[in-house]
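# Analysis of the macromolecular model
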Amino acid sequence: MNRRLPGTISQCQKLLLATHNHAPTAFSTRFLSTSRVNRERQECQVLVVGGGTGGCAMAAKLSSRLGSDKVVVLEPEDKHYYQPMFTLIGGGMKRLDQSHRQMADVLPTKAKWVKEKALEFDPDNNTVSTSGGKTIKYDFLIIATGLQLNYGKIPGLVEALETPDSNVCSIYSPKYVDHVYECLRRTNKGNAIFTFPNCPIKCAGAPQKIAYISEHYFRKMGRRDNVNIIYNTSLPVIFGVKHYAEALMKLIKRRNITLNVQRNLVEVRHKDNIAVFEDLAKPGVHYEETYSMLHVTPPMSTPDVVANCKKLVTPTGFVDVDQLTLQHNKYSNVFAIGDSASSPNSKTAAAAAAQSPVVFKNVMAAIEGKAPTDIYDGYSSCPIVTGYSSCILAEFDYNLTPVETFPLDQSKERYSMFFMKKELMPVLYWKLMMNGYWNGPALMRKIFSVLKFNKKQ
Ligand code: UQ1
């Protein structure tokens, strides 16, 4: 069991071994020295940077195990958004106010919330400096910052998004998501273009979900014959997992959606309703397309504060962790969860859910001076909403092998999966995941499998 034992010298020695030289040099005073030192050290036993999906889940699990005020969460935002709802908001199926809670209400009461931004990581000294002038010293660090949206990287895009009567929109930001449904409502004819950028992004299914929802919207409104739906993706394929890609290709054909691969949005000229794309198969070759509605998925990266700390990140700026244990490859007292980790899984809330018990157990092992042994298999899930009442539930691992929970073919569009995505998942998220009780559907899958409900494995 990973229960924490009372502090002893041997435990400290074990911990120092497990953390190489990255644990604070005075670490053993935590257990042996005065109460004043104890209090200071306990406040920062675990520092979680980021109060999003992964950060909240980790703070809940760890503060519940370690006790009050051992876990600090560094997060500047007032609101916590349930981002998986954003495509539904874009399609007018949910309202923005249904997608958020106050940060104070989702962070665990046993953790201390520092409502500031991380300014600089110093992993050699086990500190993070903050926008409020603090230097927070930690014994263990969990990086859960997620990804930042780099709308500014595409010339003309921010101006277009900030112009209320432009026909440019994006579900990815709470600032812009409401405008998506407005664009849908006023588009009667012409090209509705949907983009996917030339970099890793969170929820890689979302750019096509909003295209499918839009296609259904225009059909429902009797406008479909006058609107072309064009999905321009930088990727060479529609979806990385063959099982689902085949189903999606059939859907695209059946619903007369134009799919252009290796097309990257490089400029928006909103006054002329022109989008400029680069053909990635012929670098440097640009072409213009006129739109009556343009839905943009922005380029993304880890936040600058993470990407700038070269000691912590890979050359592409992700936190350099072992893909199985999610422990940092150089700093053994550092872990990452969620979108900012370098693990090559599809970045979704479901992936963070499956990672959360692994990071929890491995952090607890490190605290106890043991090597991390729990392993993340790369599980991720993407409920690909294909309209106002249907969804394909894609679930897969690092090998891009389907790992399906339910005893039915999940590559088929189903109302049951749509209902789960729209109505059940938000409840599961707020009630279970935010309290550290949801570890992904692995247990459910095992139960179905033991009951022999399962399909061929
Ligand atoms: C999931 O675990 C999860 O994390 C909370 C989601 O994000 C909201 C999901 O959308 C899905 C589908 C899962 C996987 C859960 C099941 C029951 C298959």
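Right, let's walk through the structure included here. Worth saying up front: this structure is predicted, and the values here are computed from it rather than measured.

Time to look at the pairing of strand 16 (residues 274–279). Extensive coverage of strand 16 is indicated by the burial of 6 of its 6 residues. Where burial is concerned, the two faces of strand 16 agree: the one with Ile274, Val276 and Glu278 and the one with Ala275, Phe277 and Asp279 are both buried. Where strand 15 (residues 263–269) and strand 16 come together, 6 bridges link them in antiparallel fashion. Paired with Leu265 across the two strands is Phe277, which belongs to strand 16.

With respect to spatial proximity, 17 residues lie near the ligand, and among them Tyr82, Ser381, Pro383, Met425 and Trp438 are the closest. Trp438 is positioned with one of its side-chain polar atoms (N or O) 2.8 Å from an oxygen atom of the ligand. Those elements that place two or more of their residues in the shell around the ligand are helix 12 (349–367), strand 21 (380–385), strand 22 (391–396) and helix 13 (415–432). Ranked by the residues each element gives to the shell around the ligand, the list is headed by helix 13, at 3 residues. Here the shell around the ligand is built from residues that sort into 14 nonpolar, 2 polar and 1 charged. Split by domain, the residues of the shell around the ligand number at least three in each of domain 1 (11–84 + 94–148 + 302–367) and domain 3 (380–456).

Here the structure, examined in full by the defined rule, presents 14 aromatic pairs. Seen from their ring centres, Tyr217 and Phe218 are 5.8 Å apart, and the 75° between their planes marks the pair as edge-to-face. As far as burial versus exposure is concerned, Tyr217 and Phe218 are alike and both buried. Note on Phe239 and Tyr244: the rings are 6.2 Å apart at their centroids and 85° apart in plane angle, and the pair reads as edge-to-face. As far as burial versus exposure is concerned, Phe239 and Tyr244 are alike and both buried.

Between helix 8 (residues 177–186) and helix 9 (residues 206–220), whose axes approach to 10 Å, the crossing angle comes to 35°. The chirality of how helix 8 crosses helix 9 is right-handed. Residues Val180, Tyr181, Leu184 and Arg185 of helix 8 touch helix 9, and the partners they reach there are Ile210, Ser214, Tyr217 and Phe218. Within the contact of helix 8 with helix 9, the residues separate by chemical class into 6 nonpolar, 1 polar and 1 charged.

Right, let's talk about the pattern of salt bridges for a bit. Going through the model one piece at a time under the given rule, you end up with 19 salt bridges. Measuring nitrogen to oxygen at the nearest pair gives 3.1 Å for the salt bridge that ties Arg95 to Asp97. Residue Lys271 pairs with Glu159 through a salt bridge whose shortest N-O separation is 4.0 Å. With Lys271 in the loop between strand 15 and strand 16 and Glu159 in helix 7 (residues 157–162), this residue pair connects regions lying 112 residues apart in the sequence. A residue is classified by how much of its surface remains accessible, and Lys271, at 70% relative accessible area, is exposed.

Of all hydrophobic cores here, the largest spans 136 residues; its most connected members are Leu62, Phe121, Ile142 and Phe239. In terms of residue count, the dominant contributor to this core is helix 12 (11 residues). Residues within four places of Phe239 in sequence aside, it is in contact with Gln208, Tyr244, Ala245, Leu248, Ile384, Ala394 and Phe396.

Parameters at a glance
Residues numbered from 1 in each chain as written. Predicted model: local features only at pLDDT ≥ 70, side-chain atom pairs only at ≥ 80, totals over all residues. Heavy atoms only, no water. Buried < 20%, exposed > 50% of the residue type's maximum accessible area, 1.4 Å probe, protein only. Helix = DSSP H or I, 4+ residues; strand = E, 2+ residues; numbered from the N terminus. Pairing = 2+ DSSP bridges. Near = heavy atom within 4 Å. Polar contact = N/O pair within 3.5 Å; in protein donor to acceptor, adjacent residues only side chain to side chain. Nonpolar A, V, L, I, M, F, W, Y, C, P; charged D, E, K, R; others polar. Domains from an automatic or database assignment. Phe/Tyr/Trp six-rings, centres within 6.5 Å; stacked < 30°, edge-to-face > 60°. Axes fitted to C-alpha atoms, helices over the stretch in contact; angles between N-to-C directions. Left-handed = near helix turned anticlockwise from the far one by under 90°. Contact = heavy atoms within 4.5 Å. Salt bridge = Lys/Arg side-chain N within 4 Å of Asp/Glu carboxyl O. Core = buried A, V, L, I, M, F, W, Y, C linked by side-chain atoms within 4.5 Å.

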